[in-house]
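Architecture and fold: a report
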Amino acid sequence: MNEVYVQQHPSNCSKYILCFNGVVHIRNCAPGLEWDSSREQCNVPADAQCQPSVCPLDNDPHNLIFLYDDNQCENFAICVNGLPQWRSCIPGFHWDRVNEWCTTPQKAGCEKWEEPPIDEIECHEDSPLRNPHPTECGMYFLCVDGQSFLRHCADGLIFDYITQSCTKPMQRNGELDHVCENDDESPIREHPDTCLKFIVCDSGTAWPLPCADGHVFVRELYACVPGNVETCEPF
């Protein structure tokens, strides 16, 4: 089957790219129209809201170019084939524009946006009954009939996603602290043994955390993304 898809031209809003069976074709919108990425068609400029990409057309995998969002500190983009691919740091972390990695808000220094409190999550048909709070270990959400309900663990307890219950904080044996020896890196590190977990470093202490089901950790993105849990390859 021939594969066909379209995408924004990286530098000219009056054009778009048509990919047909692996071959790239540059197409022009009708005069006076611009490419509308949300509708994947040419549209009047006021509705298209097209913004030329600031990514270079040439893609160098050995020299990644990152962009950041002025209004949302946790968002960043990687330039791929002339277009930005937007990603988010894991909850509770911000993008460090200087070092180009995800880190704590204090170290990232992004002051233009304050993260609003999270009092609900999106529940799907296959969502488990209990779901961890993205930023607060002592809270969790119940997903019932597509709606989320915020719940609190008792004082001194944290929510354990694996056991689906509130429990005492895990006891550490320090075996992974060597991963956090270098302070010149992002506090989000790759787990040395598995792609189904990642490490958060806090003052030289390593805290292993699991990715969500069906997700694998990608070091270059500082995040867990949907992927093959057997091969660790992202989808």
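Computed from a predicted structure; not experimentally measured.

Basis of the calculations
- Residue numbering note: each chain is counted from 1, following its sequence as written.
- It should be noted that, the model being predicted, local features are given only for residues of pLDDT at least 70 and side-chain atom pairs only at 80 or more, the latter also being counted only at that level, while totals for whole chains, interfaces and linings use all residues.
- Where side-chain values are given, they derive from all heavy atoms of the structure, hydrogens and water being excluded.
- Helix numbers and strand numbers start at the N terminus; a helix is a DSSP run of H or I with at least 4 residues, a strand a run of E with at least 2.
- Each residue gets one of three labels from its accessible area relative to the maximum for its type: buried under 20%, exposed over 50%, partly exposed in between, using a 1.4 Å probe on protein chains only.
- We call two residues in contact when some of their heavy atoms are within 4.5 Å.
- When charges are counted, neither His nor the chain ends are considered; positive counts come from Lys and Arg and negative counts from Asp and Glu.
- Positions of charges follow a simple convention, taking NZ of Lys, CZ of Arg, CG of Asp or CD of Glu.
- Nonpolar cores were defined as sets of buried Ala, Val, Leu, Ile, Met, Phe, Trp, Tyr and Cys residues, with membership established by side-chain atoms within 4.5 Å.
- The domain boundaries here were taken from an automatic or database domain assignment.
- As a per-residue quantity, pLDDT reports the predictor's confidence and falls between 0 and 100.
- The criterion for strand pairing is that DSSP finds at least two bridges linking the strands in question.
- Axis definition: a line fit to C-alpha positions, over the contact stretch in the case of helices; interaxial angles, taken between N-to-C directions, run 0 to 180 degrees.
- Distance thresholds for patches are 9 Å for like charges and 5 Å for nonpolar side chains (Val, Leu, Ile, Met, Phe, Trp, Tyr), applied to residues having over 30% relative accessible area and no salt bridge.
- Here, Shrake-Rupley sampling with a 1.4 Å probe gives the accessible areas, and only protein chains in the shown set may cover a residue.
- Salt bridge criterion: a side-chain nitrogen from Lys or Arg within 4 Å of a carboxyl oxygen from Asp or Glu.
- Note on disulfides: each one is a pair of cysteine sulfur atoms within 2.5 Å.

This part is about the overall build of the protein chain. Regarding its fold elements, the protein chain presents two helices and 20 strands. When its C-alpha atoms are laid out on the principal axes, the protein chain stretches across 65 × 45 × 40 Å. Counting the 235 residues in the protein chain, one finds 30% classified as buried. Summarising the internal contacts of the protein chain: among those between residues at least 6 apart in sequence, 28% fall at separations of at least 24. Of the side-chain charges in the protein chain, 14 are positive and 37 negative, and the distance between the mean point of each set is 0 Å.

So, on to the nonpolar core. In terms of nonpolar packing, the biggest core is built from 19 residues, with Phe76, Ile90, Trp95, Cys102, Ile188 and Phe198 touching the most fellow members. For this core, the secondary-structure elements that each account for two or more residues are strand S7 (75-80), strand S10 (101-103), strand S17 (197-202), strand S19 (215-218) and strand S20 (223-226). For Ile188, the residues in contact, after removing those within four places along its chain, are Ile90, Phe93, Cys102, Phe198, Ile199, Phe217 and Tyr222. Membership of the second largest hydrophobic core comes to six residues, among which are Val179, Cys180, Ile199 and Cys201.

Moving on: the domain arrangement of the protein chain. By the assigned domains, the protein chain splits into domain 1 (4-48), domain 2 (55-114), domain 3 (130-167) and domain 4 (177-234). If you average the C-alpha positions of domain 2 and of domain 3, the two centres end up 29 Å apart.

Mean pLDDT over the protein chain: 81, with 90% of residues reaching 70 or higher. Ranking the elements of the protein chain by mean pLDDT puts strand S1 (residues 4-8) last, at 76, and strand S13 (residues 147-152) first, at 93.

This part is about the sheet that holds strand S18 (residues 205-210). Sheet strands line up and pair through hydrogen bonds in the backbone, either parallel or antiparallel. If you trace the three strands from one edge of the open sheet to the other, you get S16-S17-S18, paired in antiparallel fashion. The open sheet has two free edges, formed respectively by strand S16 (188-190) and S18, since each of these has just one partner strand. When strand polarity is set aside, the average angle formed by the axes of neighbouring strands in this sheet is 35 degrees.

A separate point is a nonpolar patch on the surface. A cluster of nonpolar side chains, contributed by Leu129, Val144 and Phe149, occupies part of the molecular surface with about 220 Å² of accessible area. Within the secondary structure, Val144 is located in strand S12 (residues 139-144). Residue Val144 is classed as partly exposed on the basis of its relative accessible area, which comes to 35%.

By the definition in use, this model includes eight disulfides. Disulfide pairing places Cys89 opposite Cys102 at an S-S distance of 2.0 Å. An S-S torsion of about -85 degrees defines the bridge between Cys89 and Cys102 as left-handed. Placement of Cys89 in the loop between strand S8 (83-88) and strand S9 (94-96) and of Cys102 in strand S10 is noted, with a sequence separation of 13 residues between them. Taking the relative accessible area as the measure of exposure, Cys102 reaches 0% and is therefore buried. Covalent S-S linkage joins Cys180 and Cys201, the inter-sulfur distance amounting to 2.0 Å. Note on the Cys180 and Cys201 pair: the S-S dihedral is about -80 degrees, so by sign convention the disulfide is left-handed. Within this pair, whereas Cys180 is found in the loop between strand S15 (165-167) and S16, its partner Cys201 is found in strand S17, the two being separated by 21 residues in sequence. Cys180 gets classed as buried once you look at its relative accessible area, which sits at 3%. No disulfide involves Cys137; its sulfur sits 9.4 Å from that of Cys153, the nearest cysteine.

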